[in-house]
Amino acid sequence: MSLWDTLLIPADKLQQLRTDAAADRPTHAWLFTGATGAPHREAAKIFAAALLCEQPDPQNRGCGQCKGCVTVMNGSHADFTHFSTEATHISIDEARELVMKAQDRPTVGRWRVILVEDTERMPERTSNVLLKAIEEPPPHTIWLLTAPSPNDVLVTIRSRCRPVQLPVPTDAQVHEYLLAHGVVDPLAHRAARLALGDAQEGYRLATDERAMARRELITSLILNVRSISSAFNAAEKLTDLADQDAQAVSALKDEQERQELLALLGIREGERVSPSLRAQVRRLEEQQKRRAKRVSSDTLLRSVAQVQTVLRDALTVALSAQAPLVNEHLREPLEAFCTRRSAQQLLEDVQAVELTLRRLRTNANARLALEALMSRFVYQ
């Protein structure tokens, strides 16, 4: 199975990306966008892997098996720079460093590929530093940018990139993906509903009982808030569960990437890494440390988004709507919850979660933000 087969995106967009990655001279700058749950980041990374794939037949690039693909996906490829930030904005110095990196000629691949996530966090001054490099890039450099939407990127940057806007996969698409990967109903159906459009997350929930148990605990937290102390406990519990989930995700991915890299380098388990190969292993470890922070942030955001699904379900119950519930297993507690809150309050609660998500994306103190959110549900 190639890397492209893991993407849940419309067939026409998938085929266009495959064709563009196989071109002799691809477009020099791309902007991948999508709402929360859309696979725009994954698509950008897979596109980078296809650009640096070692398959001689262009139509087979993005194989996922060659050294080029594996090292791009684990962040250790010498010609691939993957930048993301936990800060509220991307600094001018960071942008200048990327611009300098773009001047380097590729060492082992066809291109120097630079993937910049969170482009929406670039202030205008920082964007202007990057603008010249994107406007007149070296002939061997390809820029890949990601953002939630085109409007989040400065127009001068946006106008010089080829746009790739991807939708959030539907529950039905995730469900089909899980069935195709050996998950059976009703577990596949349940995991697809809880995955919020993320097929990989759905597969993890379906195959890891502890991950599913943590997710069910998260969704039940607000239903058990009665007092201020229980609200604070719920905020603490949510943070702890998100941390556990993030650590589990990182540990699994880190070990898999390490094993793949060692196999490519011809190093057996437990064997000493020679000095000539140590740099590649060290580069992978550094990439994994940087990614761990991002995984932690993304997992907390996903956990809070799961809380929002509970409130939307409660609103569905309160209005006697006929729509299916995401958290069908909580129907009885939701009915009891609705006796304590009006439809108007529930709508305001959904909006409050959205505000909390925006605060967390701008590096607000997570514990304080969650305590403020949970305090809304104190039973009076």
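Just so we're clear, the structure is a prediction, and the values are computed from it rather than from any experiment. (Residues numbered from 1 in each chain as written. Predicted model: local features only at pLDDT ≥ 70, side-chain atom pairs only at ≥ 80, totals over all residues. Heavy atoms only, no water.)

## Notes on the packing of aromatic side chains
Stage number 1. The full count for this structure, using the stated rule, is four aromatic pairs.
Stage number 2. With 6.0 Å between their ring centres and 55° between their planes, Phe32 and Phe47 make a pair best called tilted. Of this pair, Phe32 sits in strand E1 (residues 29-33) while Phe47 sits in helix H2 (residues 40-51), placing them 15 residues apart in sequence. Assigned by exposure class, Phe32 and Phe47 land together as buried.
Stage number 3. Three or more aromatic residues joined by ring pairs form one cluster here, namely Trp30, Phe32 and Phe47. (Phe/Tyr/Trp six-rings, centres within 6.5 Å; stacked < 30°, edge-to-face > 60°. Helix = DSSP H or I, 4+ residues; strand = E, 2+ residues; numbered from the N terminus. Buried < 20%, exposed > 50% of the residue type's maximum accessible area, 1.4 Å probe, protein only.)

## As for the pairing of strand E3 (residues 112-116)
Stage number 1. A large share of E3 lies buried, amounting to five of its five residues.
Stage number 2. Alternating residues of E3 divide into Arg112, Ile114 and Val116 and Val113 and Leu115, and every residue in both groups is buried.
Stage number 3. Note that strand E2 (residues 80-83) and E3 share four bridges and pair parallel. From the neighbouring strand, Phe83 faces E3, where its bridge partner is Val116.
Stage number 4. As judged from the five bridges shared by E3 and strand E4 (residues 141-147), these two strands associate in the parallel manner. Counterpart to Val113 in the pairing with E4 is Ile142.
Stage number 5. Between the parallel pair E3 and E4, the chain is carried across by helix H5 (residues 124-135), and the sense of this crossover is right-handed. (Pairing = 2+ DSSP bridges. Right-handed = clockwise from strand over helix to strand, strands pointing away.)

## Observations regarding the side chain of Asp349
Stage number 1. Within the fold, Asp349 resides in helix H14 (residues 343-361).
Stage number 2. Take Asp349: its relative accessible area is 0%, and that puts it in the buried class.
Stage number 3. Within polar-contact distance, the side chain of Asp349 engages the side chain of Arg376 at 2.8 Å.
Stage number 4. Discounting chain neighbours no more than four positions away, the residues touching Asp349 are Leu311, Arg341, Arg376 and Phe377. (Polar contact = N/O pair within 3.5 Å; in protein donor to acceptor, adjacent residues only side chain to side chain. Contact = heavy atoms within 4.5 Å.)

## Here's the deal with the UniProt feature "domain: DNA polymerase III delta subunit C-terminal" (unreviewed entry) in the chain
Stage number 1. The feature "domain: DNA polymerase III delta subunit C-terminal" (unreviewed entry), as given by UniProt, occupies residues 307-377 in the numbering adopted here.
Stage number 2. The distance separating the terminal C-alpha atoms of residues 307-377 is 12 Å; by composition the span is 68% helix and 0% strand. (UniProt positions renumbered as here; feature names shortened; annotations may be inferred.)

## Regarding the nonpolar core
Stage number 1. Counting residues in each nonpolar core, the largest one holds 37 residues, and the members touching the most others are Ile222, Leu238, Val304, Leu311, Met374 and Phe377.
Stage number 2. If you list the elements that add at least two residues to this core, you get helix H11 (228-265), helix H12 (275-318), helix H13 (331-338), H14 and helix H15 (366-374).
Stage number 3. When residues of this core are assigned to domains, at least three map to each of domain 2 (171-222) and domain 3 (228-249 + 286-376).
Stage number 4. With residues up to four places along the chain from it excluded, the contact list for Ile222 reads Val307, Val310, Leu311, Phe337, Met374 and Phe377. (Core = buried A, V, L, I, M, F, W, Y, C linked by side-chain atoms within 4.5 Å. Domains from an automatic or database assignment.)

## Notes on the sheet that holds E4
Stage number 1. Pairing is parallel in the open sheet, where five strands are placed in the order E2-E3-E4-E1-E5. Both outer strands of the open sheet, E2 and strand E5 (162-165), are each paired with one neighbouring strand and no more. Neighbour-to-neighbour, the strand axes of this sheet turn through a mean angle of 15°, independent of strand direction.
Stage number 2. With four bridges connecting them, E1 and E5 associate as parallel partners. Directly across from Phe32, in E5, lies its bridge partner Val164.
Stage number 3. Together, E1 and E5 form the strand contacts of helix H1 (residues 11-21), whose direction differs from that of E5 by roughly 145°.
Stage number 4. On top of the sheet, helix H4 (residues 92-102) reaches E2, E3 and E4; it is set at about 160° to E3, its chief contact. (Axes fitted to C-alpha atoms, helices over the stretch in contact; angles between N-to-C directions.)

## As for the domain arrangement of the chain
Stage number 1. In terms of domain boundaries, the chain breaks down into domain 1 (3-165), domain 2 (171-222) and domain 3 (228-249 + 286-376).
Stage number 2. Using only C-alpha atoms to locate each centre, domain 1 and domain 2 end up separated by 29 Å.

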